[in-house]
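The residues making up each chain are set out below.
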Amino acid sequence: MIFMKVLVAEDNAINQLLARGLLKRCNAIVTVVVNGREAVDAWSAGPFDLILMDIQMPEMDGLEATRVIRSRELPGAHTPIIAVTARAMTGDREACLAAGMDGYISKPIRSVDLMAMIARLTVVAASTVPTRALP
Ligand code: MN
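Just so you know, these numbers come straight off a predicted model, no measurement behind them.

Scanning the chain for helices and strands turns up 5 helices and 5 strands. Each helix and strand of the chain, placed in order from N terminus to C terminus, yields the pattern β-α-β-α-β-α-β-α-β-α. Each of the 135 residues in the chain was classed as buried or not, and the buried ones make up 44%. Across the chain, the fraction of contacts at a sequence separation of at least 24, relative to all contacts at a separation of at least 6, is 60%. Put simply, the chain shows about 7,600 Å² of open surface, and 60% of that area lies on carbon and sulfur atoms.

This is the structure we're talking about:
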């Protein structure tokens with residue numbers, strides 16, 4: 001990752017600092033918002049290359065914010081969204097994917113998990129970009 005604009009939606013100040021620190025080490029440009037409603041607004045004003053989305057936030061949670069973003073994306077457009085959650089309940093992963101998230105990592109965010117997820121999403125995104133027009 002050379003240069004990337006990342007939106008971090010997270011209501012906890014410590015977790016904001018942690019995410020910002022990890023991402024800045026990757027030369028990412030980081031924007032932090034504190035709830036799902038702000039995440040939707042920031043995404044609208046984007047673009048962002050990636051969103052890290054906390055699940056539990058005031059006003060609008062991460063699942064709802066993701067559903068709203070997915071409902072507003074234009075055909076063919078897709079901002080990768082990684083769910084970040086402290087919850088370890090069974091079904092969380094399925095709920096995140098059902099809401100339209102691309103991946104799932106648990107708190108506290110570990111650098112190795114974040115980098116692996118970004119690498120996976122980057123490969124997926126690259127493989128879906130047409131390299132030439134169809135005949
Ligand atoms: Mn939270």
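Let us now look at the coordination of the manganese ion. Donor atoms from the polypeptide that bind the manganese ion are D11 (OD), D54 (OD) and Q56 (O), placed at 2.0 to 2.1 Å. In the primary structure, the donors to the manganese ion are separated according to the pattern D-x42-D-x1-Q. Taking relative accessible area as the criterion, D54 reaches 3% and is therefore assigned buried. Classification of Q56 by relative accessible area gives partly exposed; the value is 45%.

Turning next to the nonpolar core. I51, M53, I69, C96 and M101 are the most contacted members of the largest nonpolar core, which totals 23 residues. Listed by contribution, the elements that provide at least two residues to this core are β1 (4-9), α2 (36-44), β3 (50-54), α3 (62-72), β4 (81-85) and α4 (92-99). One finds A19, V30, I82 and L114 within the second-largest nonpolar core, a separate group that totals 18 residues.

Rules and cut-offs
Residues numbered from 1 in each chain as written. Predicted model: local features only at pLDDT ≥ 70, side-chain atom pairs only at ≥ 80, totals over all residues. Heavy atoms only, no water. Helix = DSSP H or I, 4+ residues; strand = E, 2+ residues; numbered from the N terminus. Buried < 20%, exposed > 50% of the residue type's maximum accessible area, 1.4 Å probe, protein only. Contact = heavy atoms within 4.5 Å. Areas by Shrake-Rupley, 256 points an atom, 1.4 Å probe, with all protein chains shown as cover. Donors = N, O, S within 2.8 Å, 3.2 Å for Na, K, Ca; no water. Core = buried A, V, L, I, M, F, W, Y, C linked by side-chain atoms within 4.5 Å.

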